[in-house]
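Okay, here's what each chain looks like letter by letter:
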Amino acid sequence: MTACVSKPAAQKEIMLPPKPERLEWGEPQNLQEVALYVNYLETQVRLWENWGERVTNMVERGVTEP
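Right, let's walk through the structure included here. As the structure is a computational prediction, the values presented were derived from the model and not from experiment.

Rules used throughout
- Going along each chain's sequence as written, the residues are numbered from 1 onward.
- Reporting in this predicted model follows two pLDDT cut-offs: at least 70 for local features of residues, and 80 or more for side-chain atom pairs to be given and counted; totals over whole chains, interfaces and linings ignore these cut-offs and use all residues.
- Side-chain measures were taken over the full set of non-hydrogen atoms in the model, leaving aside hydrogen atoms and water.
- Numbering of helices and strands runs from the N terminus; a helix is a DSSP stretch of H or I covering at least four residues, while a strand is a stretch of E covering at least two.
- Any residue under 20% of the maximum accessible area for its type is buried, any over 50% is exposed, and the rest in between are partly exposed; the area is computed with a 1.4 Å probe on protein chains only.
- We call two residues in contact whenever any of their non-hydrogen atoms come within 4.5 Å of each other.
- Computed with the Shrake-Rupley method and a 1.4 Å probe, the accessible areas treat only the protein chains shown as cover for residues.
- Note on aromatic contacts: the rings of Phe and Tyr and the six-membered ring of Trp form a pair at centre separations within 6.5 Å, being stacked when their planes are under 30 degrees apart, edge-to-face when over 60 apart, and tilted otherwise.
- We call two N or O atoms a polar contact when they sit within 3.5 Å, provided that within protein one can donate a hydrogen and the other can accept it, with sequence-adjacent residues counted only if both atoms are side-chain atoms.

Take the overall build of the protein next. For the protein, the count of helices and strands is one helix and zero strands. Per-residue burial over the protein gives 11% buried out of 66 residues. For the protein, contacts bridging at least 24 residues in sequence account for 63% of all contacts bridging at least 6. Of the roughly 6300 Å² of accessible surface on the protein, 55% is carried by carbon and sulfur atoms.

Listed below in structure tokens is the structure:
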């Protein structure tokens, strides 16, 4: 005689999208380089915010791949 066997639910492994990469910058030497660096930092903040929103949405929906 056979019987039903309960199996534990398989845990989904969530694969997160790659994190934004940071570039190494030297010390700004003039006002133009400072402006470029500030622009770069602002862009990095936006990239990280978008990454965070994407990851949050994936986790909330239970999506396993980016």
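Moving on from the model shown.
Let's shift gears to the packing of aromatic side chains. All told, the structure shown has four aromatic pairs when counted by the stated rule. Among the aromatic residues, ring-to-ring pairing joins Trp25, Tyr37 and Tyr40 into one connected group.

Moving on: the side chain of glutamine 44. With respect to the helices and strands, the residue glutamine 44 is situated in helix α1 (residues 31-61). Residue classification places glutamine 44 among the buried residues on the basis of a relative accessible area of 11%. Of note is the side chain of glutamine 44, whose polar atom sits 3.3 Å from the backbone oxygen of glutamate 21.

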